[in-house]
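Residue-level structure breakdown
Residues per chain, in single letters:
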Amino acid sequence: MARRAPREDPTDDAVHVGGPKHSVAGAPAVAKALTMAWEQMGVRRTALTLARVNQDTGFDCPGCAWPDPDPDHRHRAEFCENGVKAVAEEATLRRVDRKFFAAHPVAELAERSDYWLGQQGRLTEPVHRAPGDTHYRPISWDDAFTLIANRLHSLPSPDAASFYTSGRTSNEAAFLYQLMVRRLGTNNLPDCSNMCHESSGAALSHSIGIGKGSVLLEDLYAADLILVVGQNPGTNHPRMLTALEKAKKAGAHIVNVNPLDEAGLRRFHNPQTPQGMVKGTDLADELVQVRLAGDQALFAALARLTVDAGAVDQAFVSAYCSEYEEYVAQLQALDWDEVLAATGLERDQIEGLARRYCESERVIVCWAMGLTQHRDAVATIQEITNLMLLRGNIGKPGAGLCPVRGHSNVQGDRTMGIWEKMPAPFRDALEKEFGFTPPADDGLDSVDTIRGMRDGRIRAFFAMGGNFVSATPDSEATAAAMTGLDLTVHVSTKLNRSHGLCGAESLILPCLGRTERDEQLSGPQAVTVEDSMGMVHLSQGRLDPASEQLLSEVAIVTRLAEELFPDDAESSGDGVDWAGMRADYDTVRDHIARVVPGFEDFNTRVRRPGGFPLPHPPRDRREFRTATGKARFAVNPLDVLTVPPGHLLLQTVRSHDQFNTTIYGLDDRYRGIRAGRRVVFVNRDDLTELGLADGEQVDLVSVWTDGERRAEDFRVVPYPTARGCAAAYFPETNVLVPLDSVAKVSNTPVSKSVVVRLERRAAR
Ligand SMILES: Nc1nc2c(c(=O)[nH]1)N[C@H]1C(S)=C(S)[C@@H](COP(=O)(O)OP(=O)(O)OC[C@H]3O[C@@H](n4cnc5c(=O)[nH]c(N)nc54)[C@H](O)[C@@H]3O)O[C@H]1N2
Ligand SMILES: Nc1nc2c(c(=O)[nH]1)N[C@H]1C(S)=C(S)[C@@H](COP(=O)(O)OP(=O)(O)OC[C@H]3O[C@@H](n4cnc5c(=O)[nH]c(N)nc54)[C@H](O)[C@@H]3O)O[C@H]1N2
Ligand code: SF4
Ligand SMILES: [Mo]
């Protein structure tokens, strides 16, 4: 099959609704993935590239952060449908060149959808839009670096710039990037984590002393009970289904806690085995169809029932935990009417689940965005942790907490110091290693960066990957803030809306992707990544770069740093040797080994097959480095979210054909949607109550203290979701999420419980 030209956006009336699927993966998934790959890269390149995904000597899948099995247990095809799409999106043969930029003014790019922009192909050379100019025009790398350095140096203070990171950046590039930014003098290092698992990190750091999950892949196979809460792995972590299938065969009971009965957790046809293709396995034994934002109440009720049943592991609690008495006192005040209203569940079902929890010796709770993007996300995750502590479900095989991360290296970027809140030990280690004093004050996260742009405190924005304008809340306000800046710089592989909605002066710096060969002075380079379970391993691309002009992210950072800090190049011996680190990434890893705990002997250990695990004190030896030196029961009062009559709670989710703001296609196969994205899923009974019919077109209007926001023209789809709840896709609905609607403590945008009403559109 020849590669096809990019498709245009179809009209909204093309959308086809077929109802949710009852089984997933299997032959249709393989067929769909290969068709998309062939369209983008042709047959030969597809075969060559896929043979190397997630293999020991290949590259890490640029999709999600789900871990790979150890090398002895890997299949020849160790990837999923959505991994293939992610690879095809990057390894595409389509190109955006100077003719493209001459033909499409910035004003036009600002109007295009992320789908259309992504379809144009890979960026091939650096481009610059001068202030007042209508177009991006080619610029040499040297001129680009000189210009950016001059602009950054002429800011009133380093804190007038903000440096974003998306989670695909390698450990090496991330480490150098934060080093450059801190050497410049600011901690303004927002990242996609701020919108993603920040709530998990904040909750777990307080409760167990480390912001990462405590579960390894083999633990899943030893669990008696696995709760999958607020997560849609069939779409977003497809190989997790393989792991759940194995867990199930080993005897685990699986419960899906979700307002939507996601097809991925129903029946799974494993494409890696012939039996799987034919028979399939029913994954979830039970659906707990909780109302949006009802999980804190649910888990508090489970904890109360555990205490009442006398099922607390007193030995564990007294040896390892603090604040137990305060916590139990609070549980005594639990109000069942409040629990039933918040969860929308029957008391029987909660009691049944509590019994199963108390009878299970080894329990794992997995979660993703369904928990983290709510106002009380941190309290909710702490409530889950409380429940798990009651029965010692941490630090033993087959049990633990498992936040499932999004971007393939989002966890690693944080480990490398991409964080606006710089911990003192990290700062001291940087100072000792590189001989300068990093800034001490906290910087701005993603939401505060937008506020800073809006208020004029931020004048320049630099992005290491990602699509800030589309991924962040309150799209209109954010776009206005971004276009009001003096300078925006985007290090990117593909075009997206942030390139059109840019500052007065703007640069796009095209970089290598995971799949591509990275040659430096000392020869071909590999980079490293950390998966969701804290395993660090190598990734080496082998494809010819999309253009000879592309630089690696490491090269871009180090060359810009040389322009920013010309004194470092003087061989006085005490500056940072940027050129040396660029020439040989082993040198970067030697620095990391001395700065970041857990990376001792990095270069040797990462070359072992499968890489190495990072230490996790609660998992490894039940050691909790919290403020009390013990695992902490967190006491958080219940504050149930109320919705005014005639309104619904809207969650914004991913379709099966997208990776965040990258839209691969317009179908959501498992939810029965084809050829369109402007749909809103609503419970049939709610539709009846609201006087709306299947297929009607509505505007979604969100209500917030500062006024209303509107997303126009969505088709109503009756769907089995919890009562009072609705769902629609992001980024189209980000316009509805108010900038000030953020989770307590973590400051994460509340993208999963937006109060909306549906307004019928006048008949057309
Ligand atoms: N193919 C593909 N893979 C991806 C991504 C992608 O876009 N496409 N994105 C990556 C990234 S960055 C991330 S963070 C992950 C995201 O992975 P997910 O978190 O699985 O992604 P979402 O689509 O946001 O789905 C949220 C799920 O939580 C449920 N949910 C929402 N609110 C609640 C609630 O209040 N309670 C409960 N119990 N459930 C709730 C929703 O119904 C939905 O099933 O996926 C990663 N992997
Ligand atoms: N309403 C709503 N909003 C959300 C969410 C939600 O559930 N609902 N989810 C949030 C979550 S969990 C996340 S993680 C964020 C995601 O926010 P981001 O990480 O900012 O967004 P992405 O869409 O993943 O970024 C895609 C862009 O990254 C660039 N890119 C791809 N690969 C590479 C690479 O190797 N190097 C470089 N330099 N660039 C590359 C491409 O140019 C591409 O256009 O969105 C958040 N926004
Ligand atoms: S599960 Fe995630 S990491 Fe694994 S192949 Fe699929 S997209 Fe890639
Ligand atoms: Mo994410």
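Residues numbered from 1 in each chain as written. Chains lettered and ligands numbered in written order. Predicted model: local features only at pLDDT ≥ 70, side-chain atom pairs only at ≥ 80, totals over all residues. Heavy atoms only, no water.

1. Section: the overall build of the chain
A count of helices and strands for the chain gives 31 helices and 33 strands. At 25 Å, the chain has a C-alpha radius of gyration in line with the 27 Å of a compact globule built from 764 residues. Over its C-alpha atoms, taken along the principal directions, the chain stretches across nearly 70 × 65 × 55 Å. Within the chain, the proportion of its 764 residues that are buried is 63%. (Helix = DSSP H or I, 4+ residues; strand = E, 2+ residues; numbered from the N terminus. Rg over C-alpha atoms; globule rule 2.2 N^0.38 Å. Buried < 20%, exposed > 50% of the residue type's maximum accessible area, 1.4 Å probe, protein only.)

2. A closer look at the site of ligand 3
Near ligand 3, the surroundings consist of Asn54, Cys61, Gly63, Cys64, Phe79, Cys80, Gly83, Pro238 and Arg239. When grouped by side-chain class, the residues that make up the shell around ligand 3 number 5 nonpolar, 3 polar and 1 charged. (Near = heavy atom within 4 Å. Nonpolar A, V, L, I, M, F, W, Y, C, P; charged D, E, K, R; others polar.)

3. Let's talk about the sheet that holds strand 17 (residues 487-492)
Overall, mixed pairing links the 6 strands, which are arranged 6-5-18-17-16-7 in an open sheet. Two strands bound the open sheet, and with one partner strand each, they are strand 6 (137-138) and strand 7 (161-165). Across 2 bridges, the pairing between strand 5 (residues 127-129) and strand 6 is antiparallel. Looking at strand 6, one finds that His128 is bridged to Arg137. Packed on one face of the sheet, helix 6 (residues 141-153) meets strand 5, strand 7, strand 16 (460-464), strand 17 and strand 18 (505-510) and runs near 135 degrees to strand 18. (Pairing = 2+ DSSP bridges. Contact = heavy atoms within 4.5 Å. Axes fitted to C-alpha atoms, helices over the stretch in contact; angles between N-to-C directions.)

4. Quick word on the UniProt feature "domain: Molybdopterin oxidoreductase" (unreviewed entry) in the chain
The UniProt entry lists residues 122-490 under the feature "domain: Molybdopterin oxidoreductase" (unreviewed entry), expressed in the numbering used here. For residues 122-490, the helix share is 46%, the strand share is 14%, and the end-to-end C-alpha distance is 14 Å. (UniProt positions renumbered as here; feature names shortened; annotations may be inferred.)

5. Description of the domain arrangement of the chain
One frequently used descriptor of interface size is the decrease in accessible area upon assembly of the parts. Assigned domains within the chain: domain 1 (105-196 + 409-609), domain 2 (198-404) and domain 3 (648-760). Of note, the centres of domain 1 and domain 3, computed from C-alpha atoms alone, are 32 Å apart. For the pairing of domain 1 and domain 3, the buried interface totals around 1700 Å² over both sides, and the portion due to carbon and sulfur atoms is 52%. In this structure, the connection of domain 1 to domain 3 is made through 2 salt bridges. Asp474 is paired through a salt bridge with Arg709; the nearest N and O atoms lie 2.6 Å apart. Linking domain 1 with domain 3 are 12 residue pairs in polar contact (both at pLDDT 80 or more). Within the residue set of the side of domain 1 that touches domain 3, elements represented by two or more residues are helix 5 (114-119), helix 22 (446-455), helix 23 (468-471) and helix 24 (475-483). A per-element tally of the side of domain 1 that touches domain 3 places helix 22 first, with 5 residues. Of the residues assigned to the side of domain 1 that touches domain 3, the class counts are 7 nonpolar, 6 polar and 8 charged. (Domains from an automatic or database assignment. Buried area = accessible area lost by both parts, 1.4 Å probe. Salt bridge = Lys/Arg side-chain N within 4 Å of Asp/Glu carboxyl O. Polar contact = N/O pair within 3.5 Å; in protein donor to acceptor, adjacent residues only side chain to side chain.)

6. A few points about the nonpolar core
Of all hydrophobic cores here, the largest spans 64 residues; its most connected members are Phe163, Tyr177 and Met180. Element by element, the count of residues in this core is highest for helix 7 (residues 171-184), at 9 residues. Excluding residues that lie within four positions of it along the chain, Tyr177 makes contacts with Phe163, Tyr164, Thr165, Leu189, Ile418, Phe462, Ala463, Met464 and Val557. Core analysis: the second largest hydrophobic core is formed by 53 residues, Tyr327, Ile350, Cys358 and Trp367 among them. (Core = buried A, V, L, I, M, F, W, Y, C linked by side-chain atoms within 4.5 Å.)

7. Concerning the pairing of strand 7
Taking burial as the measure, the 5 residues of strand 7 include 5 buried ones, the bulk of the element. Going residue by residue along strand 7, you find Ala161, Phe163 and Thr165 tucked away on one face and Ser162 and Tyr164 tucked away on the opposite face as well. Relative to strand 16, strand 7 is paired through 5 bridges, and the arrangement is parallel. Looking at strand 16, one finds that Ser162 is bridged to Phe461.

8. So, the pattern of salt bridges
Where charged atoms from two side chains of opposite charge come close, those side chains can pair. Inspection of every chain in the model, using the stated rule, returns 63 salt bridges. Lys249 is the salt-bridge partner of Glu245, the closest N and O atoms lying 3.6 Å from each other. Of the two residues, Glu245 and Lys249 are both situated in helix 11 (residues 239-249); the distance of 4 residues between them amounts to about one turn of the helix. You can call Glu245 buried: its relative accessible area is 6%. Connected through shared salt-bridge partners, Asp699, Glu708, Arg710, Asp713, Arg757, Glu759 and Arg761 make up one network.

9. Concerning the site of ligand 1
Taken together, 32 residues form the shell around ligand 1, and within it Asn258, Glu262, Asp295, Gln658 and Asn660 come nearest. Backbone polar atom of Asn232 to an oxygen atom of ligand 1: 2.8 Å apart, as the coordinates give it. At a separation of 2.6 Å, an oxygen atom of ligand 1 approaches a polar backbone atom of Asn660. Considering ligand 1 on its own, with 910 Å² of exposed area, one finds that the protein chains cover 99% of that surface. Where the shell around ligand 1 is concerned, the elements lending two or more residues are helix 10 (233-236), helix 18 (369-372), strand 25 (648-653) and strand 26 (658-659). Taken together, the residues that form the shell around ligand 1 break down as 13 nonpolar, 15 polar and 4 charged. For the shell around ligand 1, the domains that each give at least three residues are domain 2 (198-404) and domain 3 (648-760). (Areas by Shrake-Rupley, 256 points an atom, 1.4 Å probe, with all protein chains shown as cover.)

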